[in-house]
Amino acid sequence: MLFLILFSVLLLLLYRYVIKPVKYWEERSVDHERAIPIFGSMLPNALGKCSNTELFLDIYKRHSNKRYIGLHNYTKPSLFVMDPQLIKQILVKEFETFPEHLQFIPTDVDPLWNNNLFAMPGGEKWHQLRSILSPAFTSSKLKAMFILMKECCNGFVTYYKSKGGEVDVDVKETFTRFGNDLIASTAFGITCNSLTEPKNEFYVLAKDLVFLSAFRRLTILINIISPTIAKIGRFPFFPKKTKDFFTRLVKDTLQTRREKNIIRHDMLHLLMEFQKDNHTYQDDAHDMPEMGYAPVEDTNFGKTQRTIKLEITDDIITSQVMIFFFAGFETVSTMMSYTIYELALNSDIQDRLRNEVDAAFKSGNGELTYDKLMELKYLDMVILESLRKWPPFILLDRSSVRPYTIEPNEPTESPLLLEKDISVIFPIFSIQRDPKYFPNPDKFDPERFSEENRNNIIPYTYIPFGAGPRNCIGSRFALLEGKLIVAEIVRNFEIVRIEKTQVPIIYSKTIFNPLPDDGIWVGLQQRKFE
């Protein structure tokens, strides 16, 4: 009898937590991807048959005529949204309903992760912190950091010139090191050269910060499959050694600046000022990209005047610094890597860009100023097209904090009630490779973003930095950094295809974003100036 009871309980648990979740969309009569218990719609990637990039691209192609479909991110039901107008509705107009990213780990497990601007739930604390940090990335602040960025670029150019002739370069690895040094300089005032000193402590520990080991990937997966088990396990997101290093580094930097009255107009300085005086502030409108470069004009977020107090602790400061490094290592290095990769494959585009850059250097008597860099229209077009073809993330995501109904848009549709905590996924890689939005999408064509053509781009089909109030706060910083180093490289080197250059790119089956396992390789041939 006891055996039958236990067996019945086991069956009930099996149905409740394994079988029932994959019927979520079927029970709601929503078109959906086939799902199997535990793995949901992710089995091809889990078995190593394809990359995440290919998996979601295939899903998109099978359903590209629909506004949305249901799928299962392992056991978690997610709405896969493909319609630009619905994307706009969720990211911008209904931001207060969908203000959060998916949680990688339970909210109370690792404060240094959960207190950063990316991971923080979208409540009042997030609103306040976003408004405090936004001024760190205004044009005036970036212009002040431009000199520090140029110093890092000069170090990059000097290093590869010292190699002489042609050198084969894994640009993903190289730009990861470059990004590390640039952030160390602009955020901390610390000078390091991770090309000449590849094992310096700053770079090694910063890399540990962003490297998703098998164990860290497993903890994220456990949180997706069973948040209850994740809460019991209480696995932190950041390695302890790395957390201790950055905590100590921020503490020492803050102490030095206070004692010596050092003022640097960067993110740390802004946070220190709020920490010191416990300022109040008014929440002004954010600059939110609609297509990666134009401000959104139809959202009311940020236009309401607020006066709110927020205590800025050293831990909150440390959290922002750590996510700043996280973004610099991965997203910015990916953007720069694929830009250089495409220039190696498209010599005509490279030549045209070089002519523009050379003219800017010539007019500046051999120097590239901030204002001149901002005037390089073709460079803008090249970077924007690189972000179109190779967005650093294949997906955007949001999570709802209250129920929301998607109203029907077609006679065949019915209202869809999304419950609280449902996740919504936006396949930006797939949308930006859709021929109905971008003809001949596999072609690298900067002319898509010329002044004559860019207005033809349908809003919310191009959102590499996200959209709405939770768009990437550091997008201007990333674009400035990327444009400067690309300009310096084409000025000093010919970028060429070599034997190691993958054509086409073979996506990794273990890295979530669209990257190869073996690096992104090109050759740099030093230019000779007469």
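In this numbering scheme, every chain counts its residues from 1 along its sequence in written order. The predicted nature of this model means local features are confined to residues of pLDDT at least 70 and side-chain atom pairs, given and counted, to a pLDDT of 80 or more, with totals for whole chains, interfaces and linings taken over all residues. The basis for the side-chain values is all heavy atoms of the structure; hydrogens and waters are excluded.

The protein chain has the name Cytochrome P450 in an unreviewed UniProt entry, where Photinus pyralis is given as its organism.

Draft legend 1. Representation of the nonpolar core in the model. In terms of nonpolar packing, the biggest core is built from 158 residues, with Phe80 and Phe325 touching the most fellow members. Counting from the N terminus, the helices are the DSSP runs of H or I reaching at least four residues and the strands are the DSSP runs of E reaching at least two. Take this core: its biggest share by element is 17 residues, from helix H15 (residues 314-345). Here, two residues are considered to be in contact whenever any of their heavy atoms come within 4.5 Å of each other. Among residues more than four places away in sequence, those in contact with phenylalanine 80 are Phe56, Ile59, Tyr60, Arg67, Tyr68, Ile69, Leu71, Leu395, Ile425 and Pro427. Side-chain atoms within 4.5 Å are what join buried Ala, Val, Leu, Ile, Met, Phe, Trp, Tyr and Cys residues into a set we call a nonpolar core. Under the scheme applied here, a residue whose accessible area is under 20% of the maximum for its type counts as buried, over 50% as exposed, and between as partly exposed, the area being computed with a 1.4 Å probe on protein chains only.

Draft legend 2. Quick look at the sheet that holds strand E3 (residues 166-170). Read from one edge of the open sheet, three strands run E3-E11-E10, paired in antiparallel fashion. Sheet topology places E3 and strand E10 (493-496) at the edges, where each strand pairs with a single neighbour. Across the sheet, the mean angle separating the axes of adjacent strands is 30° when strand polarity is ignored. Strands are treated as partners if at least two bridges between them are detected by DSSP. Working convention: axes come from line fits to C-alpha atoms, limited for helices to the stretch in contact. Angles between N-to-C directions cover 0 to 180 degrees.

Draft legend 3. Region of the structure containing the environment of leucine 79. Its place among the elements puts leucine 79 in strand E2 (residues 76-81). In this structure leucine 79 comes out as buried when scored by relative accessible area, which is 0%. Ignoring anything within four residues of it in the chain, the contact list for leucine 79 reads Trp25, Tyr68, Ile69, Ile406, Leu416, Leu418, Ser423, Val424 and Ile425.

Draft legend 4. Focus on the packing of aromatic side chains. We call Phe, Tyr and Trp rings a pair once their centres come within 6.5 Å, taking the six-membered ring for Trp, and we label the pair stacked below 30 degrees between planes, edge-to-face above 60, and tilted otherwise. The final tally for this structure, using the stated rule, is 25 aromatic pairs. Taking 5.7 Å as the distance between ring centres and 85° as the angle between the ring planes, the aromatic pair formed by phenylalanine 146 and tyrosine 370 counts as edge-to-face. Of this pair, phenylalanine 146 sits in helix H8 (residues 139-161) while tyrosine 370 sits in helix H17 (residues 370-374), and the two are 224 residues apart along the sequence. The pair formed by phenylalanine 146 and tyrosine 370 is uniform in burial state, with each residue classed as buried. A ring has a charge above it when a Lys NZ or an Arg CZ is no more than 6 Å from the ring centre and no more than 35 degrees off the ring normal. One residue, lysine 500, lies across the ring of tryptophan 521, its end atom 4.0 Å from the ring centre.

Draft legend 5. Structural context of the packing of helix H16 (residues 347-363) against helix H18 (residues 377-389). Two elements in contact, H16 and H18, have axes whose closest approach is 8 Å; the angle formed by their N-to-C orientations is 140°. Between H16 and H18, the interaxial angle falls into the category oblique. Residues Ile349, Arg352, Leu353 and Glu356 of H16 pack against Lys377, Tyr378, Leu379 and Val382 of H18. The residue makeup of the contact of H16 with H18, split by class, is five nonpolar, no polar and three charged. Small angles under 35 degrees read as roughly parallel and large ones over 145 as roughly antiparallel, with 65 to 115 read as roughly perpendicular and the rest as oblique. Residues are grouped as follows: Ala, Val, Leu, Ile, Met, Phe, Trp, Tyr, Cys and Pro are nonpolar; Asp, Glu, Lys and Arg are charged; all remaining types, including Gly, are polar.

Draft legend 6. The arrangement of helix H20 (residues 475-492) in detail. A helix is expected to reach a length of 1.5 Å times the quantity of its residues less one. Taking 1.5 Å per residue, 18 residues should reach 26 Å; H20 reaches 26 Å between its end C-alpha atoms and fits that length. Within H20, 17 of the 18 residues are buried, which leaves it mostly tucked inside the rest of the structure.

Draft legend 7. Looking closely at the packing of H8 against H20. The geometry of H8 relative to H20 is characterised by a closest axis approach of 9 Å and an angle of 35° between their N-to-C directions. H20 is crossed by H8, and the crossing has right-handed handedness. Residue-level inspection shows Ser139, Leu142, Met145, Phe146, Met149, Lys150, Cys153, Asn154, Phe156, Val157 and Lys161 of H8 in contact with H20, the latter providing Arg476, Phe477, Leu480, Glu481, Leu484, Ile485, Glu488, Ile489 and Asn492. By the definition used in this description, the sense in which the near helix is turned from the far one sets the handedness, with an anticlockwise turn below a right angle giving left-handed and a clockwise turn giving right-handed.

Draft legend 8. Spatial organisation of the pairing of strand E6 (residues 396-399). The alternating pattern of E6 places Leu396 and Arg398 and Asp397 and Ser399 on opposite faces, both of which are buried. In the sheet, E6 pairs with strand E9 (residues 423-426) via four bridges, with the strands oriented antiparallel. Directly across from arginine 398, in E9, lies its bridge partner valine 424.

Draft legend 9. Fine view of the UniProt feature "binding site: heme" (unreviewed entry) in the protein chain. The UniProt record marks Cys472 with the feature "binding site: heme" (unreviewed entry), using the residue numbering of this structure. Its place among the elements puts cysteine 472 in the loop between helix H19 (428-431) and H20. UniProt positions are given in the numbering used here, feature names are shortened, and annotations may be inferred rather than shown by experiment.

Draft legend 10. A look at unusual backbone geometry. Omega for the peptide link from valine 503 to proline 504 comes to 0°, which places this bond in the cis form. Within the secondary structure, proline 504 is located in the loop between E10 and strand E11 (521-526). Of note, serine 29 is a non-glycine position whose phi angle comes to about 55°, a positive value. Along the chain, serine 29 falls in the loop between helix H2 (24-27) and helix H3 (43-46).

Draft legend 11. Main features of the sheet that holds E2. If you trace the four strands from one edge of the open sheet to the other, you get E1-E2-E9-E6, paired in mixed fashion. Of all the strands in the sheet, just strand E1 (68-73) and E6 have a single pairing partner and so form its edges. Within the sheet, the average angular offset between the axes of one strand and its neighbour, ignoring direction, is 30°. The pairing of E2 with E9 spans three bridges and is classified as parallel. Pairing of leucine 79 across the sheet is with valine 424, part of E9. Sheet strands touched by helix H4 (residues 52-63): E1 and E2. Its angle to E1, the strand with the most contacts, is close to 150°. Strand contacts of helix H5 (residues 84-93): E1, E2, E6 and E9, with the helix running at about 130° to E9, the strand carrying the most contacts.

Draft legend 12. The arrangement of the state of the cysteines in detail. Cysteine sulfur atoms are paired as a disulfide whenever they fall within 2.5 Å. All chains considered together, the criterion is met by zero disulfides. No disulfide involves cysteine 152; its sulfur sits 7.0 Å from that of cysteine 153, the nearest cysteine.

Draft legend 13. Here's a closer look at helix H13 (residues 240-260). Here H13 contains 21 residues, and its C-alpha end-to-end distance of 30 Å stays within 8% of the 30 Å for a straight helix at 1.5 Å per residue. Restricting attention to buried positions, one finds in H13 the residues Thr242, Lys243, Phe245, Phe246, Leu249, Val250, Thr253, Leu254 and Arg257. Summarising the axial view, the buried residues of H13 lie within an arc of 165°, below the 170-degree limit, and thus occupy one face. H13 presents Lys240, Lys241, Lys251 and Glu259 as exposed residues on the side facing more than 90 degrees away from its buried surface. Count one or two residues on from H13 and you reach asparagine 261, which has phi positive near 50°. Relevant arc is that of directions from the helix axis to the C-beta atoms, nothing else.

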